Structure formats: structure tokens, C-alpha cells
Amino acid sequence: MTDALASQPTDRADFLVVSGMSGAGRSTAANVLEDHGWYVVDNLPPQLIPAMAVLAKRARDEGAGDLRIAAVVDVRARPFSAELRDGLAAVREHGWHPQLMFLDATDEALVRRFESVRRPHPLQRDGRLLDGIQAERELLRDLRADAHVVIDTSGLNVHQLARKLTPIVGVTGGPALRLAVMSFGFKYGVPLDADFVFDMRFLPNPFWVPELRPLTGVDAPVSEYVLSQEGAGSFIDRVVSLMEPVTAGYRREGRRYATLAVGCTGGKHRSVAVAEALAERLAGGDVASFVVHRDLGRE
């Protein structure tokens, strides 16, 4: 992370740059930001970011004291990595607290989305769709590494992505660390943005209990079944103990968002029940936990 992206609390950030892979959800992120009172500028060239900061500061000085700015930039504004770093440094000099959010997704998910809307990739030219995606991923590699927050949207529809973004961008003030506890199914892939991954397949699968099969981990019978299994309680206790020094260290280092992923085979029973239990246990003090069930409903 460069000096221009020195860590600031997401709830303190007032100038957010949103970038990422084409098809990964930048438009959805822009809509969520607008819904929560951010002034959003779409497809802003990076070289204009300092000018935007000056104009917004003038508006804030003239009475818009709670103004928060979001600039959406994409690969069409290339080359921009160096310009973006310089722009964020200039934004900080004008008294703002900038952050960079990067939206990502797997190649498979991006191919599926582009094919569903029947549009070419911006960098595809005369090649295949996958060629354009891979060219963009290489172009954005350093930018992704610089990002303060990386969001994997691979298994999320627009509504799920909006729910995941809201605790990050929609609240001012509040806890020092926002912890997403995500359930997922291994057969759909491990989340790209997971900081910690835990495997619940050591527990008996409710799928093989006929009366529990149609239910999910948010239903009481399944939750009680999963959490009563040998090893489930001690696992949750140890994860909570493990996360105590981790969350404290994140707060000291200025990191304000993290994802703990809990997986089982399909993301329907065991991981869902354990994610709900962990989120409840991990919340409190400087930590606000929330649950994202990435693959619930896919079966």
C-alpha cells in the first residue's frame, strides 16, 4: 500500500475511488453509494481527481459539511495506475481522507456476465472475451494490490452485493473494524476476498437427514443439529479466541474491513449455521460483524 493510500477508517473516508474488473459490479457499487448519500461521479479520468477534490472542498467549505465523494474509474481511462496514485496524494493534500475500493470476480463469473448481456469486453479487440479479461487483470494487478478494500463479487447477484457493500459505505461513525462472516460452498469456489477460510466439512452433513435436507442453516432445526455435533462448539470457541488478537492487530494497523469465510460442500447447511453463530460471538466492542450467505439458494 502506497503513502497515497495510507489506511483510514472506512467510516471516516470521505473520498472513495471505486475501480476493478469490468463486469465485477462497479455500477452496482455506484448505486449503493448514491443511495447512502455519496456524490458519485462515474467514469472520471484519474487526472481529473485532484480537480474534483478542489471543487468538492469548495462546496464543503460553503456549507456542505457532510459531503462525501465517490469517483468510479475503469480500464478505459488507461494508463492510469501512476496517475491514480498521484491523484489520491493530491486529494489528501486538500484535506480529504481517500480510499480505494477494488471490485473483482473470477474469470468464469466475468465471462458468464458478459455473455449474458451480449457485450464485448473493453479490451477484447479482435480476440476472445477471455483475452480481454486477462489483459485487464494484468493491467490492474498493481492497482488491486494497492486497494484498501477488495470485494469478490463472483457468487453475488446485485442485491447480495448491495447488502455486502452497505455496512462498508453506508454508515458514518461507529466501530473500528467491520467483519464480514461469509458462508460459501466449496463446490462454487473459495471467495477471492477471504482473509480467513475455515472448512466445516468435518461436521456431519444435514443433507443426509431427510427431514433437514430441504431446510437451510438459518432454520432452527438445522442450526441446532449442526451446533450440537461433537467439535462444533469447541471450533467456534477457538475461532473466537483466534480472532481476538487478529482484530486487535487490524485496529492498530488501521485496517477497517476483513472477511472471514466459512465453507461446506454446498453453502446451504453447515457453513450457514456456523457463520451465523460466529457472527454473533464476534460482534461487540470495536467490531461490527455481519453475515453474508454467498451461495444460499443456489441449490
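Our structure's up above, just so we're on the same page.
Below is a short write-up of the structure. The model shown is predicted, which means the values in this text are computed figures rather than measured ones.

**Some points on the overall build of the protein chain**
Then, in step 1: Each helix and strand in the protein chain was counted, giving 10 helices and nine strands.
Then, in step 2: Counting across all 299 residues of the protein chain, residues that qualify as buried make up 52%.
Then, in step 3: Within the protein chain, contacts between residues at least 6 apart in sequence are counted, and of these 81% link residues at least 24 apart.
Then, in step 4: By element, 51% of the accessible surface of the protein chain is carried by carbon and sulfur atoms, the whole surface being about 13,700 Å².

**With respect to the pattern of salt bridges**
Then, in step 1: In the structure shown here, the tally under the stated rule is 12 salt bridges.
Then, in step 2: R137 is paired through a salt bridge with D104; the nearest N and O atoms lie 3.0 Å apart. Of this pair, R137 sits in helix α5 (residues 129-139) while D104 sits in strand β4 (residues 98-104), placing them 33 residues apart in sequence.
Then, in step 3: R137 gets classed as partly exposed once you look at its relative accessible area, which sits at 27%.

**Focus on the nonpolar core**
Then, in step 1: Ranked by internal contacts, the top residues of the largest apolar core, which has 55 residues, are F15, L16, V17, L33, W96, I151 and V169.
Then, in step 2: Excluding residues that lie within four positions of it along the chain, L33 makes contacts with L16, V18, W38, V40, A70 and V169.
Then, in step 3: Core analysis: the next-biggest nonpolar cluster, separate from the first, contains 31 residues, L177, V240, C264 and A273 among them.

**Here we look at the side chain of T153**
Then, in step 1: As for its position among the elements, T153 is in the loop between β5 (149-152) and α7 (158-169).
Then, in step 2: Beyond its immediate chain neighbours, meaning those up to four positions away, T153 contacts A24, L103, D104, A105, R113 and L161.

**Comments concerning helix α9 (residues 232-253)**
Residue pairs spaced three or four apart in an α-helix point in one direction, given the helix's 3.6 residues per turn.
Then, in step 1: Given a rise of 1.5 Å per residue, 22 residues ought to cover 32 Å, and the 31 Å separating the end C-alpha atoms of α9 matches this to within 8%.
Then, in step 2: Residues of α9 that are buried: A232, F235, I236, V239, V240, M243, V246, T247, G249 and Y250.
Then, in step 3: Looking at the buried positions of α9, the neighbouring elements they touch are β6 (177-185), β7 (196-199), α8 (220-227), β8 (257-264), α10 (270-282) and β9 (287-293).

**Description of the packing of helix α4 (residues 107-117) against α5**
Then, in step 1: Two numbers describe how α4 lies on α5: the axes approach to 10 Å, and their chain directions differ by 130°. On the basis of their axis angle, the class for α4 and α5 is oblique. Like other packed secondary-structure pairs, α4 and α5 cross with a definite hand, here right-handed. Contacts between α4 and α5 involve D107, L110, V111, F114 and E115 on the former and, on the latter, L129, L130, I133, Q134 and R137.
Then, in step 2: Its residues assigned to classes, the contact of α4 with α5 shows six nonpolar, one polar and three charged.

**Let's talk about the sheet that holds β9**
Then, in step 1: Spatial strand order, β7-β8-β6-β9: four strands in an open sheet with parallel pairing. On the outer flanks of this sheet lie β7 and β9, each paired with one strand and no other. Averaged over all pairs of adjacent strands, the angle between their axes in this sheet comes to 20°, without regard to strand direction.
Then, in step 2: Relative to β8, β7 runs parallel, the two sharing four bridges. Counted as the bridge partner of F198 is V262 from β8.
Then, in step 3: Where α7 meets the sheet, its contacts fall on β6, β8 and β9, and the angle it forms with β9 comes to roughly 175°.

Calculation rules
- Residues numbered from 1 in each chain as written.
- Predicted model: local features only at pLDDT ≥ 70, side-chain atom pairs only at ≥ 80, totals over all residues.
- Heavy atoms only, no water.
- Helix = DSSP H or I, 4+ residues; strand = E, 2+ residues; numbered from the N terminus.
- Buried < 20%, exposed > 50% of the residue type's maximum accessible area, 1.4 Å probe, protein only.
- Contact = heavy atoms within 4.5 Å.
- Areas by Shrake-Rupley, 256 points an atom, 1.4 Å probe, with all protein chains shown as cover.
- Salt bridge = Lys/Arg side-chain N within 4 Å of Asp/Glu carboxyl O.
- Core = buried A, V, L, I, M, F, W, Y, C linked by side-chain atoms within 4.5 Å.
- Expected span 1.5 Å × (residues − 1).
- Axes fitted to C-alpha atoms, helices over the stretch in contact; angles between N-to-C directions.
- Parallel < 35°, antiparallel > 145°, perpendicular 65-115°, else oblique.
- Left-handed = near helix turned anticlockwise from the far one by under 90°.
- Nonpolar A, V, L, I, M, F, W, Y, C, P; charged D, E, K, R; others polar.
- Pairing = 2+ DSSP bridges.

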